[in-house]
Amino acid sequence: MKKKGCFIILAIAVISLCAAFSFYSFFNHKSKEDEHIVLEMWTHEDSNRALLEDRYAKEFMQTHPNVEINITRQSSTKLIELVQTAFAAGEGPTIFNLSINDEYPLITTGRVAPMDYEAAGYKDAEDVKSYYIDGMLDPVTYNGEIYGLPLELTNWCIFINKKVFRDAGLDPETDYPKTWEDIVRLSEKIVIRDGNILVRRGFDFRYPYFLEAMVPMVEQLGGKLISDDGKEAIVGEEAWIKWLTFMQMWGPNGLNLGSPTYKNARSLFNYDNNDIAMAQTGLYQEARMKSDNPEFFNSGEWMVVPYPVFEDAVVDTAACYYGHYYMVNGDCDEKTRKVAWEFISYMLSHGEEYLEEVAIIQPTKALFNSEAFKAKPYSDVFAKDFERGHIVYYGESSSAIQSLLRTAVGSVMLQNESPRSAYLKLKSAVQEIIDEKR
């Protein structure tokens, strides 16, 4: 009887131990499956896009209760600096987007992860490419793998405030600029100064974005950033010196029509405060204008015209188009990367809503040819300039080259350095970079 009792007690103990082990295993497995995952997403400021992506994040977290998404927004120029600094310190965000010429070096140096095709809802790289316009994923394809998905495809045309034109005695419908020389002549009529301070500008450039907006000016004159064989930098001495001379003439030591020291013209345009007549910007400006100043947006007092050319241009090219691509930090663990690509794909599945609310174009075949795109005011101008342009220069050293262009322009405009001297310094510095990479 005592043996039987001991056996029963032992059996109960074994069963209890097995049950406890099973219970522990179940919940330990469950905790791994439901492990808390934090996605830190860094992107550039856009109030309309922020509303959408905050909503997408909330919806995603509702269906993924173990995921936390934190979105940080900065100005586009500040974001470049923050992302580069963070990755240099090994502390980059989980998800981020920049213009491709600033992102590409992070691909070649192995700082970002290739797509998880399955998590993003695709079979493989070729399946992804089949949804996009030919060539749009080339800038993020490296060694056969895709490293980013495009939030937007962007090119810049010229927005015109008709009221400012008329106030200066000009007819915007007939006097709008076709050439860079027109831009100068019109600005001389439009500009208002308080001493040497510009109270009203006719036009001004997008100074941080030399690769996108100013290299095409050099190309119009027959110059090139890099030769076709990749061996020579800053090709075409005459073209580069003429462009640098034009920028010097434009600036405060020349005709005093504009300067890198003034507030970005694009940021002023929407408010219709009689302080800027023309701004260089993209289709997205329409959604921002509608949000910032709906009365002006609906007034019919603005228009969009193509990117100008020089009167003696030998090449008809528009501003470069560029893409902002969402990418994932390569240092994240596999599970985090998988969830990150799933969230990116979820956001980008709302292409028509991005177009309607933010006026940005995801370069998918379906959206680019949609009636929704064609219905956007002046979308035909952007589409035709897209055909005249080409993708912005991108490479392992594109960020460094952008910085060198900025230095060259600043030296002739603000320090009154001779265009030839600035050209020689620029050519030498960029040549050294490409020689190092060969």
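Structure shown above.
Scope of this entry: the structure provided in the associated data block. (Residues numbered from 1 in each chain as written. Predicted model: local features only at pLDDT ≥ 70, side-chain atom pairs only at ≥ 80, totals over all residues. Heavy atoms only, no water.)

1. Re helix α20 (residues 379-388)
Quick note on the threshold: Burial classes follow relative accessibility: with a 1.4 Å probe on protein chains only, a residue under 20% of its type's maximum area counts as buried, one over 50% as exposed, and anything between as partly exposed. In DSSP terms, a helix is any run of H or I states spanning at least four residues, a strand is any run of E spanning at least two, and both are numbered starting from the N terminus. As used here, the arc belongs to the directions running from the helix axis to the C-beta atoms.
Within α20 the residues assigned to the buried category are S379, V381, F382, D385 and F386. Buried residues of α20, viewed axially, fall in a sector of 155°; they line one side. Projecting away from the buried face of α20 at angles above 90 degrees are the exposed residues K384 and E387.

2. A word on the pairing of strand β8 (residues 157-161)
As a general feature of sheets, a regular strand has side chains that alternate between the two faces. Counted only if it meets this: Two strands make a pair as long as DSSP finds a minimum of two bridges between them.
Extensive coverage of β8 is indicated by the burial of five of its five residues. Here four bridges tie β8 to strand β13 (residues 278-281), and the two strands are oriented antiparallel to one another. Looking at the pairing, F159 lines up with A279 of β13.

3. What about unusual backbone geometry?
One non-glycine residue with positive phi stands out, namely N143, at about 55°. Within the fold, N143 resides in the loop between β5 (141-142) and β6 (145-146). Looking at N143, the relative accessible area reads 71%, which means it is exposed.

4. Observations concerning the packing of helix α4 (residues 100-108) against helix α21 (residues 398-413)
Heads up, the rule is: Only the stretch in contact is used when a helix axis is fitted, and all axes are lines through C-alpha atoms; the angle between N-to-C directions ranges over 0 to 180 degrees. We call two directions roughly parallel when the angle between them is under 35 degrees, roughly antiparallel when it is over 145, roughly perpendicular when it lies between 65 and 115, and oblique otherwise. By the convention used here, residues are in contact when the closest approach between their heavy atoms is within 4.5 Å. Polar here means any residue outside two lists: the nonpolar Ala, Val, Leu, Ile, Met, Phe, Trp, Tyr, Cys and Pro, and the charged Asp, Glu, Lys and Arg; Gly therefore counts as polar.
Packing of α4 against α21 leaves a shortest axis separation of 7 Å and a crossing angle of 140°. As the angle between them shows, α4 and α21 are arranged oblique. On the side of α4, the interface is formed by N101, D102 and P105, while α21 contributes S398, S399 and Q402. Of the residues contributing to the contact of α4 with α21, the split by class is one nonpolar, four polar and one charged.

5. A few points about the pattern of salt bridges
What counts here: Throughout this description, the term salt bridge denotes a Lys or Arg side-chain nitrogen within 4 Å of a carboxyl oxygen of Asp or Glu.
A complete count under the given rule lists 23 salt bridges for this structure. Linking D272 and K163 is a salt bridge whose minimum nitrogen-to-oxygen distance equals 2.4 Å. Of this pair, D272 sits in the loop between α13 (265-269) and β13 while K163 sits in helix α7 (residues 162-167), and the two are 109 residues apart along the sequence. Classification of D272 as partly exposed rests on a relative accessible area of 22%.

6. Observations regarding the packing of aromatic side chains
For clarity, the cut-off: Two aromatic rings, drawn from Phe, Tyr or Trp (for Trp, its six-membered ring), form a pair once their centres lie within 6.5 Å of each other, and the interplanar angle then sorts them: stacked below 30 degrees, edge-to-face above 60, tilted otherwise.
Within the structure shown, the criterion is met by 30 aromatic pairs. Their ring planes at 75° and their centres at 5.9 Å tell us that F159 and F269 sit as a pair that is edge-to-face. Linking F159 in strand β8 with F269 in helix α13, this pair joins segments that are 110 residues apart in sequence. Classification of F269 as buried rests on a relative accessible area of 1%.

7. Details of the state of the cysteines
Rules: We call a pair of cysteine sulfur atoms a disulfide whenever their separation is within 2.5 Å.
Tallied over the full model, the rule gives zero disulfides. Considering cysteine sulfurs only, C157 is the nearest to C320, which forms no disulfide, with 13 Å between them. C320 sits in the buried class, given a relative accessible area of 2%.

8. Some details on the sheet that holds strand β14 (residues 302-305)
The strand order across the open sheet formed by three strands is β13-β8-β14, and the pairing between neighbours is antiparallel. In this open sheet, the two edge strands, each paired with only one partner strand, are β13 and β14. Strand-to-strand twist across the sheet, computed as the mean angle between neighbouring axes with direction ignored, equals 30°. Docked against the sheet, helix α14 (residues 284-292) engages β8, β13 and β14, running at close to 30° with respect to β8. Of the strands in this sheet, β8, β13 and β14 touch α20, which is tilted by about 150° from β8.

9. Some words on the packing of α21 against helix α22 (residues 419-437)
Closest axis-to-axis distance for the α21/α22 pair is 9 Å, and the angle between their directions is 170°. Comparing their axes, α22 and α21 come out roughly antiparallel. Here A400, I401, L404, L405, A408, S411 and V412 of α21 lie close against α22, whose contacting residues are P419, A422, L426, A429, V430 and I433. Of the residues that constitute the contact of α21 with α22, the class distribution is 12 nonpolar, one polar and no charged.

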